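Below are the chains, spelled out letter by letter.
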Amino acid sequence: MSGDLEHLRQEAETLRRKMRDARMAVCDTSLAQVAQDTPPVARISLRTRKTLRGHLAKIYAMHWASDSRNLVSASQDGKLIVWDAYTTNKVHAIPLRSSWVMACAYAPSSSFVACGGLDNVCTIYSLRNREGGARVSRELQGHGGYLSCCRFLDDTRILTSSGDMTCALFDIESGKLTQSFNGHTGDVMSLSLGTDQNTFVSGACDASAKLWDIRTGQCTQTFTGHESDINAVAFFPNGQAFGTGSDDASCRLFDIRSDQELMSYSNEMIVCGITSVAFSKSGRLLLAGYDDFNCNVWDILKGDRVGVLTGHDNRVSCLGVTEDGLAVATGSWDSFLKIWN
């Protein structure tokens, strides 16, 4: 039995090597070479325009609404807060049944928000009620581990990633798990929805990122290169590439069509992990939140760090760029959210 296992392990390693060699054989240039004549980006200097105060404990997740004005944040003070970023007012403060929350999401219609965490449940809240407050609309059960990330496809479907090494698609109205996405060999930490709404990418503690087809439930591509857990993934604005952030202190850009890693973004002075990543509207800048309390801004074509957002007093746990591309929000374990532009 152990002999068979060893044989299969060697066979898998041989196949992995062949795939790596085939990938290298068609890699005829690099992003740095192609972009060498492109002028570098000027130094990026963003200022804190607003500080959102109201959470009493570590903030773990945030997500902008599609109107680029409202956002939702989740904290281990047991509250989900919907904010008006223009006025810094709280639109809703939702008490949670479990305070161990790790993920939140805003529906594209702005009618619902969702959250989940160590309770293994994705809870959907309706924001449009006759009484005016938010109420529990649905509790989606099906994961065997903590909920690390969730994103609405629309008002009737939501994608989740979990510490049970799977992602899942839920039908919100029936409360049923309609598709499970299996293939990672470590906790899935993050997911990002493709622009076509038919694909998503996931990042996991097995140091790999996977591209999935929502319609079939199949993994269509696997991307390796990181040396530690991938904590964050974000699709590039054109939907043909994605960025990742890892505990190996690097961010990376992967291209889907060429099946290649295009660039790695790191600095010998940065030795801490990355919690969150997001692209600017044009895609030229990659913003990443770090364990050292900073958010670094990278020029994706040159690989250079072109800016640093400093102001938090603890780990930057989440960040997001607005739909209109005019502002970025960072959330931190210091219990504050900051809006920058």
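Residues numbered from 1 in each chain as written. Predicted model: local features only at pLDDT ≥ 70, side-chain atom pairs only at ≥ 80, totals over all residues. Heavy atoms only, no water.

A. Summary view of the layout of surface pockets. Reported here for the second largest pocket is a volume of approximately 600 Å³. Lining the second largest pocket are 20 residues; nearest its centre among them are Arg16, Met19, Arg23, Thr222 and Thr224. Listing elements by their share of the lining of the second largest pocket, those giving two or more residues are helix H1 (2-25), strand E17 (218-223) and strand E21 (260-265). Here the element with the most residues in the lining of the second largest pocket is H1; it accounts for seven residues. A per-class count over the lining of the second largest pocket returns seven nonpolar, six polar and seven charged. (1 Å grid on protein atoms, 1.4 Å probe; cavity = no way out; pocket = protein on both sides within 12 Å on 5 of 7 lines; lining within 4 Å. Points joined across faces, edges and corners; volume = space filled by probe spheres on them. Helix = DSSP H or I, 4+ residues; strand = E, 2+ residues; numbered from the N terminus. Nonpolar A, V, L, I, M, F, W, Y, C, P; charged D, E, K, R; others polar.)

B. Representation of the pairing of strand E14 (residues 188-193) in the model. Burial analysis of E14 places five of its six residues in the buried class, which makes it a mostly covered element. Remark: five residues form the turn of the hairpin made by E14 and strand E15 (residues 199-204), two consecutive strands paired antiparallel; Gln197 in that turn has positive phi of roughly 65 degrees. (Buried < 20%, exposed > 50% of the residue type's maximum accessible area, 1.4 Å probe, protein only. Pairing = 2+ DSSP bridges.)

C. Representation of the sheet that holds strand E12 (residues 166-171) in the model. In spatial order, the strands read E10-E11-E12-E13; together these four strands make up an open sheet with antiparallel pairing. Each edge of the open sheet carries a strand with a single partner, namely strand E10 (147-154) and strand E13 (176-182). Each adjacent strand pair in this sheet contributes to an overall mean axis angle of 20 degrees, direction not counted. Alignment of strand E11 (residues 157-162) against E12, held across five bridges, turns out to be antiparallel. Bridging from a neighbouring strand, Ser161 pairs with Cys167 of E12. (Axes fitted to C-alpha atoms, helices over the stretch in contact; angles between N-to-C directions.)

D. Main features of the sheet that holds strand E22 (residues 274-279). Here four strands make up an open sheet; going across it, the order is E22-E23-E24-E25 and the pairing antiparallel. What marks the edges here is a single partner per strand, and that holds for E22 and strand E25 (305-309). Averaged over neighbouring strand pairs, the angle between their axes works out to 20 degrees when direction is ignored. Examined bridge by bridge, strand E24 (residues 295-299) and E25 share four bridges and lie antiparallel to one another. Across the sheet, residue Val297 finds its bridge partner in E25, namely Gly307.

E. Main features of unusual backbone geometry. Phi is positive for Ser68, close to 60 degrees, though the residue is something other than glycine. Of note, Ser68 is situated in the loop between strand E2 (59-64) and strand E3 (70-75). Even without glycine at this site, Ser335 takes up a positive phi of about 80 degrees. Tracing the backbone shows Ser335 in the loop between strand E27 (328-332) and strand E28 (337-340).

F. Representation of the environment of Tyr86 in the model. Looking at the element boundaries, Tyr86 is found in the loop between strand E4 (79-84) and strand E5 (90-95). On the basis of relative accessible area, Tyr86 is assigned to the partly exposed category, the value being 48%. Non-local contacts of Tyr86, meaning those with residues more than four positions away in its chain, are made with Lys50, Ser68 and Arg69. (Contact = heavy atoms within 4.5 Å.)

G. Here's a closer look at the pairing of E4. Taking burial as the measure, the six residues of E4 include five buried ones, the bulk of the element. Relative to E4, E3 is paired through six bridges, and the arrangement is antiparallel. Each bridged residue has a counterpart across the sheet, and for Val72 the counterpart in E4 is Val82. Once E3 ends, the chain turns through three residues before running back antiparallel as E4, passing Gly78 with a positive phi of about 85 degrees. Pairing geometry for E4 and E5, over five bridges, is antiparallel. By the bridge assignment, Val82 is partnered in E5 with His92. Between E4 and E5, which pair antiparallel in sequence order, lie five residues; one of them, Thr88, sits at a positive phi of approximately 65 degrees.

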